Amino acid sequence: MKKIGIITHYDVHNHGALLQLTALIRVLAAKGYEAKALRFDKNYDFMGHDLKAKYDVSAKSVGIYMKYLKEKGMGCTVYNFRKRHTLNDYKSRAGLIGDYYSECGQLDGVIVGSDEVFALHTGPTPVMFGHCLPTDAVMSYAGSFGPTTYEDICRLHSENFVRSGIEGMKYVTVRDGNSADVVERLTGERPAVVVDPVLLYGYKDEIAGMKAPKVGDCLLVYSYDNRMNSPEEVKAITEYAHGKGLKTLSPGFYHKWCDYNIDVDPIELLSYFKNAAEVVTDTFHGSVMSLITGARFVAKTRESNHLKLVNLLEEYGVADRIITRWDDLAATMDKPMDYEKINEEIERRRSESMAHLDKMLEFTSDKA
């Protein structure tokens, strides 16, 4: 069996990131490839010296974590401690993580992606741009620059660094229009836009066999811990939910104002989306999970994800699910959703994306 390494955000405690990694591994397994995420050290140089200490865990980072405990409170801190254990256990059970990239030996290929592997907001990490990997067959599946634009790359004096990595890849596909624009401006060639691995794999069998969680009718809130906590947001969401007789439920992230905060692994999370009465999210993968489970949802865009989230919803004809003001929550949620049409588009894009992946894998036919 041929072996493929995957370069992605394997070390984050984020359900969407792990769902996309799991999905790509399972798609590749169905095609006869053994794939695991390769470990590497991420660069944080662009975050500033003081904030970098948060990620370089040492005595210097103690103050940052004490500040976190003071600001977030004991409830959030304990929840995230348990969440870390849950997600680490999931990664171990699912066999997602392989060797350190420089110690794994020669591979038949390496796929960079998906997720925001090309984003430069933390710093320039060479392996995320295909540099120094243990194969000549380096490719990108659904790579994304996230909020990073071409102008950002120029401002950070990283054009040559990014361009050389992209041009050195055997096959490049991206996940969104902004990323396609950046690659085209850097290289002169426009890459194909493919679906996120979660949409590519779909989790159909897993979703079909899921039992309803033991909670009543709920409005599912899916947002990072540090968002959807302002008085305006909390008031709008809770009044809307309680006005419809719904409890508020946050699976995967802690919001002390929600009626339920549930610690779940990535696969279990999908059952909450499937069985939620309605969903409010402001994340890319929150919207993706809503789409594959047939959920009624609205999406609040933010500066950090506006480009990729709007692009995603436009692709499936559901840009009318976007809200920019909380006053529009009820009216937007009440708009009808034609999931027959949505699912047809998902299948069409899935088929096109799978064809690109198959072409990509042809570069592993000769031993790298």
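Residues numbered from 1 in each chain as written. Predicted model: local features only at pLDDT ≥ 70, side-chain atom pairs only at ≥ 80, totals over all residues. Heavy atoms only, no water.

**Here's the deal with empty space enclosed by the protein**
Alright, step 1. The full count for this structure, using the stated rule, is one cavity of 30 Å³ or more.
Alright, step 2. The volume enclosed by the largest cavity comes to roughly 40 Å³.
Alright, step 3. Lining the largest cavity are Arg175, Val194, Val195, Asp196, Leu199, Phe284, Asn311, Leu312 and Glu315.
Alright, step 4. A total of three residues in the lining of the largest cavity trace back to one element, the largest contributor, which is helix α12 (residues 306-315). (1 Å grid on protein atoms, 1.4 Å probe; cavity = no way out; pocket = protein on both sides within 12 Å on 5 of 7 lines; lining within 4 Å. Points joined across faces, edges and corners; volume = space filled by probe spheres on them. Helix = DSSP H or I, 4+ residues; strand = E, 2+ residues; numbered from the N terminus.)

**Topic: the pairing of strand β4 (residues 109-112)**
In summary, the side chains of a regular strand alternate between the two faces of the sheet.
Alright, step 1. In β4, alternate side chains face the same way, and those of Gly109 and Ile111 on one face and Val110 and Val112 on the other are all buried.
Alright, step 2. With four bridges joining them, strand β1 (residues 2-7) and β4 adopt parallel strand pairing. Bridged to Ile7 within β4 is Val112.
Alright, step 3. Strand direction decides the pairing type here: β4 and strand β5 (residues 138-143), joined by three bridges, are parallel. Paired with Ile111 across the bridge in β5 is Met139. (Buried < 20%, exposed > 50% of the residue type's maximum accessible area, 1.4 Å probe, protein only. Pairing = 2+ DSSP bridges.)

**A short note on the layout of surface pockets**
Alright, step 1. Looking at the second largest pocket, its volume works out to about 230 Å³.
Alright, step 2. Contributing to the lining of the second largest pocket are Ile166, Glu167, Met169, Lys170, Tyr171, Val172, Val183, Thr187, Glu189, Arg190, Pro191 and Ala192.
Alright, step 3. Every element with two or more residues in the lining of the second largest pocket is listed here: α5 (159-167), β6 (171-174) and α6 (177-187).
Alright, step 4. Considered class by class, the residues forming the lining of the second largest pocket number seven nonpolar, one polar and four charged. (Nonpolar A, V, L, I, M, F, W, Y, C, P; charged D, E, K, R; others polar.)

**Overview of the sheet that holds strand β10 (residues 260-262)**
Alright, step 1. Sheet architecture is open: six strands sit in the order β10-β9-β8-β11-β12-β13, paired in parallel fashion. Looking along the sheet, the strands with just one partner apiece sit at the ends: β10 and β13 (322-323).
Alright, step 2. Pairing between strand β8 (residues 218-222) and strand β11 (residues 278-281): four bridges, direction parallel. Paired with Tyr222 across the bridge in β11 is Thr281.
Alright, step 3. Sitting on the sheet, helix α9 (residues 231-243) is in contact with β8, β9 (247-251) and β11, with an inclination near 155 degrees to β8.
Alright, step 4. Each of β8, β9, β10 and β11 is contacted by helix α10 (residues 266-275), which is oriented at about 135 degrees to β8, the strand it contacts most. (Contact = heavy atoms within 4.5 Å. Axes fitted to C-alpha atoms, helices over the stretch in contact; angles between N-to-C directions.)

**Description of the environment of Pro213**
Alright, step 1. Mapped onto the secondary structure, Pro213 falls in the loop between α8 (204-208) and β8.
Alright, step 2. We classify Pro213 as buried; its relative accessible area is 16%.
Alright, step 3. Remark: the alpha-carbon pair of Pro213 and Asn275, spanning 62 residues in sequence, is separated by 7.5 Å.
Alright, step 4. The contacts of Pro213, once residues within four sequence positions are left out, are Ser271, Tyr272 and Asn275.

Limitation: the analysis is restricted to geometry and does not speak to function.
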